[in-house]
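Observations on the three-dimensional arrangement
Single-letter residue listing:
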Amino acid sequence: MPTVKNATALEKLSSPESLEALRKDIQARSRQTKITVTMCGGTGCCASRAQDVMDALRTEIKKNRLEYDVRVRITGCHGFCEQGPLMIIDPGNVFYCRLKPEHAADIVSRTLAGGEVIEDLLYTDPVTGRKARTESAIPFYRAQDRQLLSLNKLVDPLSIEDYIGAGGYAALAKALSGMSPAAVLEQVKKSGLRGRGGGGYPTAKKWAECAAAPGEEKFVICNADEGDPGAYMDRCLLEGNPHLVLEGMALGALAIGAQHGYIYVRNEYPLAVRHARAAVESARAAGLLGGNILGSEFSFDVDIARGGGAFVCGESTALIASLEGKVGEPRPKDVHTVVQGLWDKPTTLNNVETWANVPSIITNGGAWFASKGTKGSKGTKIFALTGRVKNTGLVEVPMGTSLRTIVFDIGGGAPEGREIKAVQTGGPSGGCLPLSMFDMPVDFDALREAGSMVGSGGIVVMDDKTCMVDVAKYFLTFLRDESCGKCSTCRLGIDRMLEIVTDITEGRGRLEQIDLLMDLAGTVAAASLCGLGKTAPNPVISTLKYFEDEYRAHILEQRCPAGVCRSLIEYSIDAHACTGCGTCARACPHGAISGGKKQPHVLDASLCQKCGICISSCKFGAILVA
Amino acid sequence: MKKIVTLTIDGAATRAPKGTTVLDAAIEYGICIPHLCHIPNMTDIGACRLCIVENIVDGRSRITTSCTLDVQEGMVIRTNTERIRHLRRNIAELLVAQAPNSRAVQDMAVRCGVKEVRYPFRNDDCILCGRCVRICSDMWQARAIGFIGRGAERRVGFPFGDRPAYCKECNSCVDTCPMTIAPCEGSMKPGEAHLCGGCESQLSMASGAQEAMCVMCRLGEGFKCSRYGWQ
């Protein structure tokens, strides 16, 4: 079987030349493989039963005696999670989606053995109705610029050889054979890379400050404590291509002069923890981590630390406290972590995506990276597109791409013919932007000016069935639960804002509360200890700024325009549209609907709990919400 | 010999040994910054946020708590600007709404300019300032109480709920607590949104403080500071 050897059997590489030789060897061997089936084994696809498909596929391959010709590669996330489980068959790059275990027999006998493309399994463009044979023919992929994500489908995350075969560790070899730490830093500076975790702090500036900080012992940390609702790009990178992150960290350590690194990954990402651990072990075995990497003077090692499930530990100082074994609470950042971080030693902490961008900057040069993006924000950024949009998934586009492109061209607009009203960017600390601002380029500065932020890159799309006051309430609830509670403004301020917003959604709102809300939001933003508190009022401020009419409708007219806030809505049945089929009456768990056969039904408002089950059961749109 | 740095607080050039906090340096010079969670010679955690100041760095003002900010050469600090007073009033309002029956917190709120509380009162009787936790850990090295839970669930308690043997019942935590004064009998009743500020709060820890000391610096001691004089 001409597939890769077990990673642990890899010999220790002693020089950049031996790495190159190994790469040539791996590439030559992979050319001998007749057919490669790449299956997405990311969390999204696994949730759609990708594991069952894989098992069925393997059984079928064995049954057809194809195991010597076919290599099945289980990779990380491909991004198009909406259509999962996904499969790509090479040669031909045939792209199958929405697979089920029962498709396995057909795929093996017709496509793998016969070379035939099964039309039914191809992606159908919902607009044109045309079938797409390959990824590049799908609008979702076509509009993207997948610098980081495209590597995912080439690499089995558990195989270091796959990564080396795809050009991995070439940047580290390049840096170790002749580049000084200052030269590495210079390339990163030239690239204009800014932190992808949310703040957008220039990476080179952070590294330079850390390199200049006094002290022999320094640390690098990879922040993989991703906790924003709806954001999963870090998870996807660490699960799908952990060596890319490791290589980036090694390059950073070289530039800064650090000897040790940590990957702080949340324990709720079991696959990411497993893959990162395996990657560290295999990189150590290959001599790409540890003492005297590739025969050079440079030594660097990485440990994996698991987070305990606190959102606030994504904040750098809280993360460091947690790493040290203390309670994960932030401390004031008057002295930066680049001077006094982990165990009071200079520490550079970057996000997974930031580290993952570094290898390609060193390989291709900083100028190449800087050629993409806008004036202030360079390169590409991965966004997690979720919410009321047809194509949910991971989207990688150059900085400066408009929201319209992301939501409508890539995302395909709202499902069921609804109207998109707003997007929420940047997770719970971000803000909501209305449709009128969709032509704005998405970059660090433009979003901040508009009252939102890039954050970690979550984009939640909202349609006309979303109540913006309810959105503010949702994020405030999240933040109240996730605030560490150390400082009074964040703990009490968020709680009080939530109290006011709850009053408004339940019909007890008063007009002067809008001013109080703004006043309080300003106080929490200005006086809180850490980034969580400082950005916590953003959902309130931005919804008040762009959707004040909805707040006013709740307060003055006791009306929820989107029909979401339960205290302010009433359900009723449209007697003209109702056919008397009785489906809703059977579906209602509270027995609030009654009526004779083929007679218009009646809804008893005193029994109705406004759960919405009747709406989803009615085929005729006869349930009215007012 | 400690290195001395020069900094400007509210326009006054002041000198302080390196390693002291801006709050301590200001108090030393008689510049009063309201504070609640700070206890002299103990670790500051910046919990109450009342001692916020503007730290002017490169022409940009950054708001931070002075109890956690160490003095640096050439620092420019403003403790009493319009913006700071406004924020401080809002913070005090949040605190007093949480514990309206504490005289110390009540008086502090009135000093910071709170006339009316815009939130419904909650009689939590704890504002999580952490004075008790720190006196237990820093002064007595006992660590018999600590913070439990996070966010709105955060509270002070014994490890695993039981009083440990290493709690010597020294009562320091009770002494230092701003809630341990007899509740106000006057105009301050739960549900009433007006503060009179007429009470003269007395903390047992602060009773030994010098006469001339400002109340903001010695929680509960007499209110003699001219800047924050009677409203």
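Since we're looking at a predicted model, the values are computed, not measured. (Residues numbered from 1 in each chain as written. Chains lettered and ligands numbered in written order. Predicted model: local features only at pLDDT ≥ 70, side-chain atom pairs only at ≥ 80, totals over all residues. Heavy atoms only, no water.)

Before going further, it helps to examine the sheet that holds strand E5 (residues 76-78) of chain B. Residue and element names in this part refer to chain B. Pairing in this open sheet of five strands is mixed, and the strands run E2-E1-E5-E3-E4 from one edge to the other. Across the chains shown, the open sheet's two edge strands, defined by having one partner strand only, are strand E2 (12-17) and strand E4 (60-65). Looking at each pair of strands side by side, their axes are set apart by 35° on average, direction ignored. Where strand E3 (residues 52-57) and E5 come together, three bridges link them in antiparallel fashion. Within E5, the position partnered with Asn-55 by the bridge is Ile-77. (Pairing = 2+ DSSP bridges. Helix = DSSP H or I, 4+ residues; strand = E, 2+ residues; numbered from the N terminus. Axes fitted to C-alpha atoms, helices over the stretch in contact; angles between N-to-C directions.)

Here the focus is the sheet that holds strand E12 (residues 393-398) of chain A. All names here are of chain A. Reading across from one edge, E12-E11-E15-E13-E14 is the order of the five strands in this open sheet, with mixed pairing throughout. Each edge of the open sheet carries a strand with a single partner, namely E12 and strand E14 (431-434). Neighbour to neighbour, the strand axes of the sheet diverge by 30° on average, direction disregarded. Looking at chain direction, strand E11 (residues 380-387) and strand E15 (residues 458-463) are connected through four bridges and run parallel. When the bridges of E15 are listed, Leu-385 appears paired with Ile-459. Those strands touched by helix H16 (residues 403-410) are E11, E12, strand E13 (420-425), E14 and E15, and its axis lies near 115° from that of E13. (Contact = heavy atoms within 4.5 Å.)

Put simply, helix H20 (residues 512-527) of chain A and helix H2 (residues 82-98) of chain B touch, their axes get as near as 10 Å, and they point 105° apart. Considering the angle they form, H20 of chain A stands roughly perpendicular to H2 of chain B. Side by side, H20 of chain A and H2 of chain B meet where Asp-519, Leu-520, Gly-522, Thr-523, Ala-526 and Ala-527 of chain A of the first sit next to Arg-83, His-86, Leu-87, Asn-90, Ile-91 and Leu-94 of chain B of the second. (Parallel < 35°, antiparallel > 145°, perpendicular 65-115°, else oblique.)

Now for helix H8 (residues 181-191) of chain A. All names here are of chain A. Within H8 the residues assigned to the buried category are Val-184, Leu-185, Gln-187, Val-188 and Ser-191. Each buried residue of H8 sits inside an arc of 155° when the element is viewed along its axis, so together they form one side. Among the exposed residues of H8, those pointing more than 90 degrees away from its buried face are Ala-182 and Lys-189. Phi turns positive, to about 70°, at Gly-192, one or two residues after H8. (Buried < 20%, exposed > 50% of the residue type's maximum accessible area, 1.4 Å probe, protein only. Arc of directions from axis to C-beta.)

Moving on: unusual backbone geometry. All names here are of chain A. For the bond from Gly-84 to Pro-85, the omega torsion is -5°, close enough to zero to count as cis. Within the secondary structure layout, Pro-85 lies in the loop between strand E2 (70-75) and strand E3 (87-90). Following Asp-90, the chain continues into Pro-91 via a peptide bond in cis, with omega recorded as 5°. Here Pro-91 shows up in the loop between E3 and strand E4 (94-96).

Glancing now at the pairing of strand E9 (residues 301-307) of chain A. All names here are of chain A. In this sheet, E9 lies alongside strand E8 (residues 260-266) in parallel orientation, the contact comprising seven bridges. From the neighbouring strand, Ile-263 faces E9, where its bridge partner is Ile-304. Taken together, E8, helix H12 (residues 270-285) and E9 constitute a β-α-β crossover, and its handedness is right-handed. (Right-handed = clockwise from strand over helix to strand, strands pointing away.)

Another aspect to go through is the side chain of Lys-206 of chain A. Residue and element names in this part refer to chain A. By the secondary structure assignment, Lys-206 is in helix H9 (residues 203-212). At 8.6 Å, Glu-209 is the nearest oppositely charged side chain to Lys-206, a buried residue that forms no salt bridge. Those residues within four positions of Lys-206 in sequence are excluded, and the remaining contacts are Tyr-201, Val-338, Thr-348, Leu-349 and Asn-350. (Lys, Arg positive; Asp, Glu negative; His and termini not counted. Salt bridge = Lys/Arg side-chain N within 4 Å of Asp/Glu carboxyl O.)

Direction of pairing for E3 of chain B relative to E4 of chain B: antiparallel, over a ladder of six bridges. Counted as the bridge partner of Glu-54 of chain B is Ile-63 of chain B from E4 of chain B.

Every contact between the two is made by 33 residues of chain A and, on the other side, 31 residues of chain B. In total, chain A and chain B occlude about 2,700 Å² of area from one another, counting both sides; carbon and sulfur atoms represent 50% of this. Of all residues in chain A, Asp-334, Leu-492 and Arg-496 of chain A give up the largest surface area on contact with chain B, accounting jointly for 23% of the area buried on that side. On inspection of chain A and its partner chain B, the count reaches five salt bridges. We note a salt bridge from Asp-495 of chain A to Arg-122 of chain B, for which the minimum N-O separation is 3.0 Å. Connecting chain A to chain B are 20 residue pairs in polar contact (both at pLDDT 80 or more). For the side of chain A that touches chain B, the secondary structure elements donating two or more residues are helix H18 (468-482), helix H19 (488-505) and H20 of chain A. (Buried area = accessible area lost by both parts, 1.4 Å probe. Polar contact = N/O pair within 3.5 Å; in protein donor to acceptor, adjacent residues only side chain to side chain.)

Another point: the domain arrangement of chain A. Residues and elements named next belong to chain A. Taken as a whole, chain A is organised into domain 1 (16-153), domain 2 (168-370), domain 3 (380-463), domain 4 (468-556) and domain 5 (570-625). Centre-to-centre, using C-alpha coordinates, domain 3 lies 22 Å away from domain 4. Counting from both sides, the interface comprises 17 residues of domain 3 and, opposite them, 14 residues of domain 4. Summing both sides of the interface, domain 3 and domain 4 together bury roughly 1,200 Å²; the carbon and sulfur share of this comes to 67%. Looking at the side of domain 3 facing domain 4, the largest losses of area belong to Pro-428, Ser-429 and Cys-432, adding up to 43% of the total buried there. For the pair domain 3 and domain 4, the interface holds one salt bridge. The shortest N-O distance in the salt bridge between Lys-421 and Glu-550 comes to 2.8 Å. At the boundary of domain 3 with domain 4, the tally comes to five residue pairs in polar contact (both at pLDDT 80 or more). With four residues, E14 is the single largest residue contributor to the side of domain 3 that touches domain 4. Broken down by class, the residue content of the side of domain 3 that touches domain 4 amounts to nine nonpolar, six polar and two charged. (Domains from an automatic or database assignment. Nonpolar A, V, L, I, M, F, W, Y, C, P; charged D, E, K, R; others polar.)

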